[in-house]
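Residues per chain are reported as follows:
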Amino acid sequence: MEKVFGAVLHLSLIGSYTVLLVVLLRFLMLKVLHCSRKLAYGLWLLVFLNFCVPTGLQSPFSLIPSRVETTAQNLENRSNELSGTIHQLSGTGLKSGMEAQFPEELQETQQNNLTGTETGISGQSKSTWNWSLMFRIVWLSGIVLLLIQQTVSTIKLKALLSKNRCVRSVPKQRIREYEKLPAPFVWGVLRPVICLPANLEETEKHYILAHEDYHRKRLDTLWKLLFLLIRTLHWFNPCVWLAYVLFCRDMEISCDEAVLQNSARDIRKDYAASLLKYAAKQNGYAVSSLTFGEPSLKSRIQNVLHYRKKTVGITLIGVIILVAAVLGLLLRPTTPTTESDTESGTSAETGKTGSETTADHTILGNGSELIAVDGELYTMDRTKLYSDGAYLYYDSWNETGGVSRIWRQPFTAANMEMVAEGELLGSTADGSSLYYDPGDHSVWEYNTASGDTALLNPGNQNPITSLYVDENVVLTAAGHYEGSAGYFYGNFYSYNRKTGETTEAYLTDAPTFVVLNDTVYYQKYFNSPDGEDVPYGIYQTDLEFQNETRTALDMTLLGANEETGDLLAAVEPDYLSSIEPAYTQTDLDAISVANSRGWNQVLVDAGAVFGYTDSVNQTQLFNLDGFQYTDYADAEVTSVQYQDVSVLGDMLFVRMQLLGHFAKDGAGFQESVLREVWLKVRMDGKGAKLVDSTIYFPNGDTVNNSVTAEHANTANTDSMNEITNIEPAKNKN
């Protein structure tokens, strides 16, 4: 029932736009061109279809703007979100998902986090659920009342026929004459019968029969019944009531015109007198039948008295307008026009969207260079990968066309299919929705199941470098890089999805942020908008960027573990040595990745990995192949850089680069990558495994060491051992 109500809201908005456009076309056809009324009557069939039949047919010639279709889909999704919120807060589902994805030692902590989250969200959702339920109850109550009213009207009309004696019947022509019948009308839907008052004058009877028979041949009783049902379903929409009134008026007047058109003599005055005669005898049963003297009497009499037969030219123009309206209003625009549901808490700035267990698939690390689907690991030459469990999604730059394209590729089949033009920015945890920039710096959503797309944020003039989406806001970092050093200049933007308002703030020159529990975390360096130095470290603010505070973390932000609510950060050597004396400060930055719940638990010690520190304790991992940075002649090591940090369940995959300078012909130094390693690290800090290692030389040569080098005390019990390198498939198109 929740989805039905949402679909009705969608169709009601599309139908309302159709009504307004048809009213304009009707005015053009009747008042300006003076076309036949039956052409105007045909327009209302378009209104009927758009009020009750969703269509996926698209065309660039659609008369329905993409903004109207987008708004209609947004309205449907908002209704479904309000209705479905309470169903998404099942404690049993949360518990089973936790047991499937987290180590035993983390389940108690994670259960506490989930319990707190569930309590906070359910407290808010209870209110929205009640509102949604109330709206549906009111809607259903209105439907019931209208059905009762229409049923009573039908019963009254049937009782009228039963009370009066049928004095004459012509079965083959389905005509009956009754005593004391107030007015002629058509009774029935499948085999309608013309009911006439007894003792009609033959001349009057002739054109009344012609009028009612025209109704019958055109199946007007069926169309009126269907339009009554549409009016009942959309009773809350004033446009459908306007459409119904004009529909009935055009139906009757078109029959009047048909009688006048086919008459050999001028019967306008006699016909108008008959209309006036039977309208005075109306008794309120017209809602259930097609009655000769129905309401809109004044306009009908005026039309009859001023009627002129239509020329071929005017009729042809009217037909062209009708055909164009049919094609334009039954098709949907080809531009992205729908909005599917979005999942709250989806961070895309580092490509990490947590994990999600669906009914069929368990997906970890959507948006990372390494992704896990049902326990299998996949990578594609440093390309960020996304998956909905059935396909892999990625983007690539097309040099010929000068655009980025998004591709869908099966896990096994050697072909790929383009799904959209644009650059991927992130996704929901389960991959059901992808977020992308089509090239104009706006944010769109692609539904991987239906292929529908939706505008989430109109964006601004700068490329988007970081993204977060939930049901209320779309947060972006947008800016540009300048200079040979590639410094970033940009702002943060908070777009309110309900009001359409955007808040812009300059908080940092860092291009990314992460969001955990409705808190935005970001890096600050030693600068500020007014030129004064600000303390280095990690800062936090709310989703509207209104209340900034500095955390106690003098570190470099790398990402987040959304499953546990922890930040991942690189720890500078002076800070690291202050919290753990076993780590000694050297002239070289010994950056490490740490867990925010215990910064003295170092997960990856870069100094130990690359062999340039003398740190010796249980957290030191290994010295790679006896390699030392002094193996390079005339090389100066400067820093460590983290290229990709991916949290997949209880494992951390991190790609680290050792940066330094090669001397080139005595002309100075240029910073280059000296060595790169790719590690798989246990999140409990009990060990690590080398996935890949590459040494770079000044002449451009590389040596790859894809070896397995585990810590001596590490028990390798995790299931994600093998990594499948996916090659981009061929485009089947």
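All values reported here derive from a predicted model rather than from experimental measurement.

Enquirer: I would appreciate a short explanation of the overall build of the chain in the present structure.
Expert: Each helix and strand counted, the chain has 13 helices and 37 strands in total. Residue burial in the chain is summarised as follows: out of 733 residues, 52% are buried.

Enquirer: Just checking my understanding: could you explain the packing of helix α2 (residues 37–52) against helix α8 (residues 238–262) for this structure?
Expert: When two helices pack together, you describe them by how their axes are tilted relative to each other and by the distance separating the axes. Contact geometry of α2 with α8 gives a least axis separation of 8 Å together with a crossing angle of 150 degrees. Classified by chirality, the crossing of α8 by α2 is left-handed. Between α2 and α8, the contacting residues are Arg 37, Lys 38, Ala 40, Tyr 41, Trp 44, Val 47 and Phe 51 on the first element and Val 240, Ala 243, Leu 246, Phe 247, Asp 250, Met 251, Ile 253, Ser 254 and Glu 257 on the second. Split into classes, the residues belonging to the contact of α2 with α8 amount to eleven nonpolar, one polar and four charged.

Enquirer: Explain the nonpolar core to me, please; I cannot follow it from the model alone.
Expert: Generally speaking, a soluble globular protein has its nonpolar side chains buried in company with each other. Leu 43, Trp 44, Val 47, Phe 227 and Phe 247 are the most contacted members of the largest nonpolar core, which has 33 residues in total. Broken down by secondary-structure element, the contributors of at least two residues to this core are α1 (2–32), α2, α3 (66–84), α7 (220–233), α8 and α11 (312–330). Leaving out residues up to four positions away in the same chain, Val 47 has contacts with Thr 18, Val 19, Val 22, Phe 227 and Ala 243. Ranked by size, the runner-up nonpolar core spans 20 residues in total, among them Ile 208, Tyr 271, Tyr 278 and Val 304.

Enquirer: Is there a simple way to think about the sheet that holds strand β24 (residues 519–524) in this case?
Expert: Sheet strands line up and pair through hydrogen bonds in the backbone, either parallel or antiparallel. Overall, antiparallel pairing links the four strands, which are arranged β23-β24-β25-β26 in an open sheet. Single-partner strands in this sheet number two, and they are β23 (513–516) and β26 (549–550).

Enquirer: What exactly am I supposed to notice about a nonpolar patch on the surface here?
Expert: Where nonpolar side chains cluster on the molecular surface, the patch consists of Leu 147, Val 189, Leu 190, Leu 219, Leu 222, Leu 225 and Leu 229 and spans about 600 Å² of accessible area. Here the element with the most residues in the nonpolar patch is α7; it accounts for three residues. Looking at where Leu 222 falls in the secondary structure, it is placed in helix α7. In this structure Leu 222 comes out as partly exposed when scored by relative accessible area, which is 32%.

Enquirer: I would appreciate a short explanation of the confidence of the model for the chain in the present structure.
Expert: Caution applies to low-pLDDT parts of the model: their predicted coordinates are not meant to be read in detail. This prediction gives the chain a mean pLDDT of 74; 67% of its residues lie at or above 70. Overall, residues 283–287 carries pLDDT values under 50, and its contacts beyond four positions in sequence, including any with other chains, amount to 20 contacts. Contacts of residues 612–633 to residues separated by more than four positions or lying in other chains number 65 contacts, the stretch itself having pLDDT below 50.

Enquirer: Is there a simple way to explain unusual backbone geometry in this structure?
Expert: Keep in mind that most residues, glycine aside, have a negative phi and that most peptide bonds are trans. Unlike most non-glycine residues, Arg 174 shows phi in positive territory, near 55 degrees. Summarising the element assignment, Arg 174 is placed in the loop between β1 (166–170) and β2 (175–178). Despite not being glycine, Asp 518 shows a phi value in the positive range, around 60 degrees. The exposure class of Asp 518 is partly exposed, given its relative accessible area of 47%.

Enquirer: Can you walk me through the packing of aromatic side chains in this structure?
Expert: Any two aromatic rings considered together are summarised by their centre-to-centre distance and by the angle between their planes. Here the structure, examined in full by the defined rule, presents 14 aromatic pairs. With centroids separated by 6.4 Å and ring planes inclined at 45 degrees, the aromatic side chains of Phe 48 and Phe 227 adopt a geometry described as tilted. On the criterion of sequence distance, the pair formed by Phe 48 in helix α2 and Phe 227 in helix α7 is long-range, its members being 179 residues apart. We classify Phe 48 as buried; its relative accessible area is 9%. Relative to Phe 513, the ring of Phe 492 has its centre 5.2 Å away and its plane inclined at 70 degrees; by these criteria the two rings are edge-to-face. Of the two residues, Phe 492 sits in strand β21 (residues 487–496) while Phe 513 sits in strand β23, which places them 21 residues apart along the sequence. Neither Phe 492 nor Phe 513 differs from the other in exposure class; each is buried. Pairwise contacts between aromatic rings join Tyr 41, Phe 48, Trp 223, Phe 227, Tyr 244 and Phe 247 into one cluster. When the ring centre of Trp 678 is taken as origin, the NZ or CZ atom of Arg 655, which lies over that ring, is 4.4 Å away.

Enquirer: Please clarify how the sheet that holds strand β15 (residues 423–427) should be interpreted in this entry.
Expert: The strand order across the open sheet formed by four strands is β15-β16-β17-β18, and the pairing between neighbours is antiparallel. Edge positions in the sheet fall to β15 and β18 (453–457), since each has one partner strand and no second. Taken over all neighbouring pairs, the strand axes of this sheet differ in orientation by 35 degrees on average, direction set aside. With four bridges connecting them, β15 and strand β16 (residues 433–437) associate as antiparallel partners. The residue bridging Glu 423 from the neighbouring strand is Asp 437, located in β16.

Enquirer: Hey, could you run me through the environment of Thr 311 in this one?
Expert: Residue position: Thr 311 is located in the loop between α10 (297–305) and α11. Looking at Thr 311, the relative accessible area reads 46%, which means it is partly exposed. The spatial distance from the C-alpha of Thr 311 to the C-alpha of Ser 36 is 9.5 Å, given a sequence separation of 275 residues.

Enquirer: Could you clarify how one ought to interpret the pairing of strand β20 (residues 473–482) in this entry?
Expert: Looking along a regular strand, one sees the side chains alternate between the two faces of the sheet. Of all ten residues in β20, seven are buried; the element is thus mostly enclosed. In terms of strand pairing, strand β19 (residues 464–469) meets β20 through five bridges, oriented antiparallel. Opposite Ser 466, over in β20, you have Ala 477 as the bridge partner. Where β20 and β21 come together, ten bridges link them in antiparallel fashion. From the neighbouring strand, Tyr 481 faces β21, where its bridge partner is Phe 488.

Here is what the cut-offs are and how they apply
- Residues numbered from 1 in each chain as written.
- Predicted model: local features only at pLDDT ≥ 70, side-chain atom pairs only at ≥ 80, totals over all residues.
- Heavy atoms only, no water.
- Helix = DSSP H or I, 4+ residues; strand = E, 2+ residues; numbered from the N terminus.
- Buried < 20%, exposed > 50% of the residue type's maximum accessible area, 1.4 Å probe, protein only.
- Axes fitted to C-alpha atoms, helices over the stretch in contact; angles between N-to-C directions.
- Left-handed = near helix turned anticlockwise from the far one by under 90°.
- Contact = heavy atoms within 4.5 Å.
- Nonpolar A, V, L, I, M, F, W, Y, C, P; charged D, E, K, R; others polar.
- Core = buried A, V, L, I, M, F, W, Y, C linked by side-chain atoms within 4.5 Å.
- Pairing = 2+ DSSP bridges.
- Patch = residues over 30% accessible without salt bridge, like charges linked within 9 Å, V, L, I, M, F, W, Y side chains within 5 Å.
- Areas by Shrake-Rupley, 256 points an atom, 1.4 Å probe, with all protein chains shown as cover.
- Salt bridge = Lys/Arg side-chain N within 4 Å of Asp/Glu carboxyl O.
- pLDDT = per-residue confidence, 0-100.
- Phe/Tyr/Trp six-rings, centres within 6.5 Å; stacked < 30°, edge-to-face > 60°.
- Lys NZ or Arg CZ within 6 Å of the ring centre and 35° of its normal.

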